[in-house]
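Structural characterization, general
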Amino acid sequence: MDGLEITDVSSCDLSGRQDHRVPGEPMLRVRGLTRIYGRECPDCVPRTGPEAGSNICPGCGSVVACAGVSFDLYAGEILGVVGESGSGKSTLVQCLYFDSAVTAGEAYLRNYREGAVNILGSSAQEQRHIRHHLMGMVYQKPHQGLRLDCTAGGNIAEKLLAAEFFHVGRIRERASELLLRTEVPLERMDHLPRHFSGGMQQRVQIAKALANSPPLVFLDEVTTGLDVSVQARVLDLIRHLHRELGLAMVVVSHDLGVIRLLTDCTLVMKTGRVVEAGLTDQILGDPQHPYTQLLVSSLL
Amino acid sequence: MPDKQAVRPGYNFAFLDEQTKKEIRRRILKAVAVPGYQVPFASRELPIAQGWGTGGLQLTLALVGPGDVVKVIDQGSDDVVNAVNIRRLLLQTTGVKTTEDTGAATLIQTRHRIPEERLREEQALVFQVPYPEPLRRVEPSEVKTREMHAEADYSRLWVFLYEDIVRWREITIGAQYPVLVNGRYVMDPSPIPRWDIPKLHMAANLNLFGAGREKRIYAVPPYTRVEPLAFEDHQFRVESFDGKHCAVCGSTASFLDELIDDHTGARRHTCSDVAYCAKRHQLLSENGPGAGRQTGNETGGGA
């Protein structure tokens, strides 16, 4: 589908916004990210998408989880990715966090080799390095991001140890600092997250993701599955952390409320494609694509 | 020269066929070339059961030549059943000279100890290894551990050590303490006590490790860095025998075993390395007290 070559997408230069970003170069540039599950055929991409109404290729039966996704993310900016279940939102962040390999596409991270290297094509070692030093990820389910049989402190330590931080005293200092910030009682630092409530597990996961003060954090449906009051606190926490630390974030959610509350710019995805992109206020206030209009109008 | 009388007829020299020995030697070369890396090999059936030192024995059989002098020890002793049987097998299939004197041996097969006497460049030490994978404590899958080694991803092992310190205020691993070899691979040094770990660091001799059941060979070549994993604020420590000495030779600079008398319940300590103890004992009785004065040089891990 044309019109998906959105290159100036999320350069949402709202003037007068106080933040930490360096003007000019984006911190993360993603171009044409595509992930296809199954045998591929040349028709996979043309025969799927919003027009076809499906992401399953009629020719070969492969699933086109996402295709041709491009965006720019600037330092200190929050990008929302919204869409229904199966629209490829999670696949997008999993590919960017190297949990899943990409079929095609490129991504450049300004903090890694001056943004000259396509990180999606790097070796597994390099990707591990990038992941541990420059990225954080908060998954929808705490057990995906935490080792439930290691203590909360141990979970945070893992991230620090992966970044070669070999001092128990300082690890514990940093872990306390993070747990304090994410409102996890310090007495529980040496307890197993398995015994924590869902909301607290999620906060430990956020603490772990932030352990190395990464400039870029991915949040995949972080509030799904939490009750409303806990949701509000987690969102509050994320907003605080963003303001204090000036992180760039990619927030995946099917909840427009979350998107409205957190993000500067938004990508709307449907059947693996970006159907609309731009400033969040604009998209929610004046949706252009029929699917976005449907989404916004069905917001309670 | 080999003792022709001792050799049983009908066996190839050193039991294994020449092709097998060749294969094992090739694996050894690879292991030496990549210090600490576990090289897979086709472990053969032997006349002793797996778990009784078949890995070490295959290395010894592949390396031993007619001119070698072999020593076999089990937990520091030459006279324990495992050591005696392996020595006998070697003798009956090769006829080579055997010895209990560490200094006189060219090839030493050991289970769970490194001799107290410092080894020289021309000597090789062969370890029997039960579990070659240091990451097994944290990851059950072999596919995953190999990936972790390939990417030098040891953070989970570090978390294990961190949690140990949090729980017990120190790392509780007694034997089999994980070490980083040549700054690259984390290696299981076989279940030697912590006391022996410093002896591996920049050792003059070749150290070879064989795991028969797990089918792995790895090596620490001479003069290679071997560093126990430790935190900046929790340094590695060896066992302390403060105020204790060997009841036989009086040594205060060797790894001691505690013996409890069944009848009186009295406790005493003796050297775990029996040959070392006997040598010192003899020196003392020949030359009087003072002759066996210890400089602490014999052991790498004295302090």
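Residues numbered from 1 in each chain as written. Chains lettered and ligands numbered in written order. Predicted model: local features only at pLDDT ≥ 70, side-chain atom pairs only at ≥ 80, totals over all residues. Heavy atoms only, no water.

**Here we look at the side chain of His149 of chain B**
All names here are of chain B. Selection rule: By the criteria applied, helices consist of DSSP H or I runs no shorter than four residues and strands consist of E runs no shorter than two, each listed in order from the N terminus. Any pair of N or O atoms that falls within 3.5 Å is considered a polar contact. Within protein, one atom must be able to donate a hydrogen and the other to accept it, and sequence-neighbouring residues count only if both atoms are side-chain atoms. The contact definition used throughout considers only heavy atoms, calling two residues in contact when any of these lie within 4.5 Å.
Among the secondary structure elements, His149 is positioned in helix H4 (residues 142-150). At 2.8 Å, the side chain of His149 forms a polar contact with the side chain of Tyr154. When near neighbours in sequence (up to four residues on either side) are disregarded, His149 contacts Gln38, Glu133, Pro134, Leu135, Tyr154, Arg184, Tyr185 and Val186.

**With respect to the domain arrangement of chain B**
Residue and element names in this part refer to chain B. Note the following rule: Annotation comment: domain bounds sourced from an automatic or database domain assignment. The term buried area means the drop in 1.4 Å probe accessible area that two parts suffer when joined, counted for both and summed. When a carboxyl oxygen of Asp or Glu is within 4 Å of a side-chain nitrogen of Lys or Arg, the pair counts as a salt bridge. Ten residues, namely Ala, Val, Leu, Ile, Met, Phe, Trp, Tyr, Cys and Pro, are considered nonpolar, four, namely Asp, Glu, Lys and Arg, are considered charged, and the remaining ones, Gly among them, are considered polar.
The domain architecture assigned to chain B consists of domain 1 (12-134 + 175-225) and domain 2 (240-289). The centre of domain 1, based on its C-alpha atoms, is set 26 Å off from the matching centre of domain 2. With 14 residues of domain 1 at the contact, the number on the domain 2 side is 10 residues. With both chains or domains summed, domain 1 and domain 2 bury close to 970 Å², and 56% of this area falls on carbon and sulfur atoms. On the domain 1 side of the contact with domain 2, Glu116, Glu117 and Trp195 bury the most area, a combined 48% of that side's loss. Where domain 1 meets domain 2, there are 2 salt bridges. One salt bridge in this structure joins Asp101 and Lys279, with 2.9 Å as the shortest N-O distance. Applying the counting criterion to the domain 1 and domain 2 interface returns 6 residue pairs in polar contact (both at pLDDT 80 or more). When grouped by side-chain class, the residues that make up the side of domain 1 that touches domain 2 number 3 nonpolar, 4 polar and 7 charged.

**A look at the packing of aromatic side chains**
The way to describe two aromatic rings as a pair is by their centre distance and the angle between their planes. The cut-off we apply is this: Only rings of Phe, Tyr and Trp enter the pairing, Trp through its six-membered ring, and a pair is recorded when the two centres are within 6.5 Å. The plane angle decides the type: under 30 degrees is stacked, over 60 is edge-to-face, the rest tilted. Exposure is judged per residue with a 1.4 Å probe applied to protein chains only, and the accessible area is read against the type maximum: over 50% gives exposed, under 20% gives buried, and values in between give partly exposed.
Under the criterion given, the structure shown has 12 aromatic pairs over all chains. Judged by centre distance (6.5 Å) and plane angle (75 degrees), the ring pair of Tyr97 of chain A and Tyr139 of chain A falls under edge-to-face. Pair noted here: Tyr97 of chain A is in the loop between helix H1 (89-96) and strand E4 (104-109) and Tyr139 of chain A is in the loop between strand E5 (135-138) and helix H3 (142-145), with a separation of 42 residues, a long-range link. Taking the relative accessible area as the measure of exposure, Tyr97 of chain A reaches 6% and is therefore buried. An angle of 85 degrees between the planes, with centres 5.3 Å apart, marks the rings of Phe241 of chain B and Phe255 of chain B as edge-to-face.

**Examining the interface of chain B and chain A**
Between chain B and chain A, the residue contacts involve 16 residues of the former and 22 residues of the latter. A salt bridge links Glu232 of chain B to Arg170 of chain A; its shortest N-O distance comes to 3.4 Å. At the junction of chain B with chain A, the criterion picks out 10 residue pairs in polar contact (both at pLDDT 80 or more). Examining the composition of the side of chain B that touches chain A, we find that 8 residues originate from one element, helix H5 (residues 155-168) of chain B, more than from any other. Taken together, the residues that form the side of chain B that touches chain A break down as 8 nonpolar, 2 polar and 6 charged.

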